[in-house]
Amino acid sequence: MDWPFFALRLTFGEVVLRGVTDSDLSRLAELYPDDCEQDPSAERFTGLDPVRDRARRFVQGFWRNRGTWSPASWCLDLVVEVDGELVGLQSLEGDDFPLLRTTDSGSWLATHARGRGTATTMRTAALGLAFGPLGAVAAISSARTDNAASLAVSRRLGYADNGVSLTDTPTGVTRLQHLRLTRERWLADGHDVRISGADPCLPWFGLESS
Ligand SMILES: CC(C)(COP(=O)(O)OP(=O)(O)OC[C@H]1O[C@@H](n2cnc3c(N)ncnc32)[C@H](O)[C@@H]1OP(=O)(O)O)[C@@H](O)C(=O)NCCC(=O)NCCS
């Protein structure tokens, strides 16, 4: 199948990121943590019980991201493996990437895999693709102001605070902290992310493969 992300591998420290396949979905759904917020405006299927409906929205999200992929707007879903064990998800997103050269990201870890520094390692691996083969000029991120772990990962990697906005969530209006990491800061820190299988992916981002 001509979907090059299945062969993409990003390795940093003990973490390997690779494109999500359909055979990963059952395990990912089992690990999907309760504290991961979904889009509050996403459609509910009233005939499904809420737990199955949440899992349905979760799994459909992967197929949606593949089905709607365009260089103008994409979301790359990557499985996070530590010692060959699947422990979470790291995604990288871009809008108008060939023009703006800016990536956003999202992630979660299974609850048993938290508190070991893996979140920072997996974000670093994803940024290796963004600032390496994709040639990003900046990476952005945002998190609720009370999401201390997510904000700590960004700040540790050199993202600078970039303003606060208000957003509607299932638990009410909340404050969102925005952050931005520049290419210069990333290069100055010199992260050595090992990358294989990126070249065939470049046209998917609107870039020329070499
Ligand atoms: C966000 C998430 C991936 C982080 O994973 P984690 O394993 O807890 O993160 P780490 O152990 O790598 O810790 C990251 C940093 O946060 C810090 N941290 C964690 N919890 C903290 C807390 N309650 N207060 C202050 N700092 C905290 C850690 O000390 C660490 O900082 P350091 O590297 O400078 O020491 C995980 O909490 C998760 O899956 N959350 C649910 C989904 C989510 O919120 N995703 C992000 C949405 S934007």
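Residues numbered from 1 in each chain as written. Predicted model: local features only at pLDDT ≥ 70, side-chain atom pairs only at ≥ 80, totals over all residues. Heavy atoms only, no water.

**Q** Any chance you could explain the packing of aromatic side chains here in plain terms?
**A** Counted under the stated rule, the structure contains 15 aromatic pairs. Plain terms: the ring middles of Trp3 and Phe5 are 5.5 Å apart, the flat faces sit at 70° to each other, and that makes the pair edge-to-face. For Phe5, a relative accessible area of 1% puts it in the buried group. For the ring pair Trp74 and Phe205, a centre distance of 4.7 Å and an interplane angle of 85° mean the geometry is edge-to-face. With a gap of 131 residues between them, Trp74 in strand S3 (residues 73-82) and Phe205 in the segment after strand S9 (194-196) connect regions that are remote in the sequence. When its relative accessible area of 1% is taken as the criterion, Phe205 is described as buried. Linked through ring pairs, Trp3, Phe5, Trp69, Trp74, Phe97, Trp204 and Phe205 together constitute an aromatic cluster. (Phe/Tyr/Trp six-rings, centres within 6.5 Å; stacked < 30°, edge-to-face > 60°. Buried < 20%, exposed > 50% of the residue type's maximum accessible area, 1.4 Å probe, protein only. Helix = DSSP H or I, 4+ residues; strand = E, 2+ residues; numbered from the N terminus.)

**Q** What is the right way to look at the site of the ligand in this model?
**A** For the ligand, the set of nearby residues contains 20 residues, the closest of which are Ser107, Leu109, Gly115, Asn147 and Arg156. Ser107 is positioned with one of its backbone polar atoms (N or O) 2.8 Å from a nitrogen atom of the ligand. The separation between an oxygen atom of the ligand and a polar main-chain atom of Gly117 is 3.4 Å. If the ligand stood free it would expose 950 Å²; the protein chains cover 64% of that surface. In terms of residue count, the dominant contributor to the shell around the ligand is helix H5 (residues 148-156) (six residues). Its residues assigned to classes, the shell around the ligand shows eight nonpolar, eight polar and four charged. (Near = heavy atom within 4 Å. Polar contact = N/O pair within 3.5 Å; in protein donor to acceptor, adjacent residues only side chain to side chain. Areas by Shrake-Rupley, 256 points an atom, 1.4 Å probe, with all protein chains shown as cover. Nonpolar A, V, L, I, M, F, W, Y, C, P; charged D, E, K, R; others polar.)

**Q** Please explain helix H4 (residues 118-131) as it appears in this structure.
**A** For an α-helix, 3.6 residues make a turn, and residues three or four places apart therefore share a direction. With 14 residues, H4 should reach 20 Å at 1.5 Å per residue; the first-to-last C-alpha distance of 20 Å fits that figure. When you tally the buried positions in H4, you get 13 out of 14 residues, the bulk of the element. (Expected span 1.5 Å × (residues − 1).)

**Q** I would appreciate a short explanation of unusual backbone geometry in the present structure.
**A** One can expect most non-glycine residues to show negative phi and most peptide bonds to be in trans. For Asp96, which is not a glycine, the phi torsion comes out positive at approximately 50°. Mapped onto the elements, Asp96 comes out in the loop between strand S4 (85-95) and helix H3 (97-100). Assessed through its relative accessible area of 41%, Asp96 is described here as partly exposed. One non-glycine residue, Arg101, adopts positive backbone phi at about 50°. Topologically, Arg101 is positioned in the loop between H3 and strand S5 (102-109). Accessibility expressed as a relative area gives 27% for Arg101, which makes it partly exposed.

**Q** Explanation requested: the environment of Gly61 in the structure shown.
**A** The residue Gly61 is located in helix H2 (residues 50-67) in this model. Remark: the alpha-carbon pair of Gly61 and Trp186, spanning 125 residues in sequence, is separated by 30 Å.

**Q** What is the right way to read the nonpolar core from this model?
**A** Within the largest apolar cluster, 41 residues are counted, with the highest numbers of intra-cluster contacts made by Leu8, Leu17, Leu76 and Phe205. For this core, the elements supplying multiple residues, two or more each, are strand S2 (15-19), S3, S4, H4, strand S6 (138-144), H5 and strand S8 (172-182). Considering every element that reaches this core, the biggest residue donor is H4, with seven residues. In contact with Leu17, not counting residues within four places along its chain, are Leu8, Arg9, Leu10, Leu78, Val79, Val80, Gln90, Met122, Ala125 and Ala126. (Core = buried A, V, L, I, M, F, W, Y, C linked by side-chain atoms within 4.5 Å. Contact = heavy atoms within 4.5 Å.)

**Q** Can you walk me through the packing of H4 against H5 in this structure?
**A** Axis angle and axis distance: for two packed helices, these are the angle between their axes and the distance between the axes, and together they describe the pair. Between H4 and H5, the shortest axis-to-axis distance is 9 Å and the interhelical angle comes to 50°. Our classification of the angle between H4 and H5 gives oblique. Between H4 and H5 the crossing geometry is right-handed. Only Ser150, Val153, Ser154 and Arg156 of H5 make contact with H4, whose side of the interface consists of Ala119, Thr120 and Arg123. A breakdown of the residues in the contact of H4 with H5 according to their chemical character gives two nonpolar, three polar and two charged. (Axes fitted to C-alpha atoms, helices over the stretch in contact; angles between N-to-C directions. Parallel < 35°, antiparallel > 145°, perpendicular 65-115°, else oblique. Left-handed = near helix turned anticlockwise from the far one by under 90°.)

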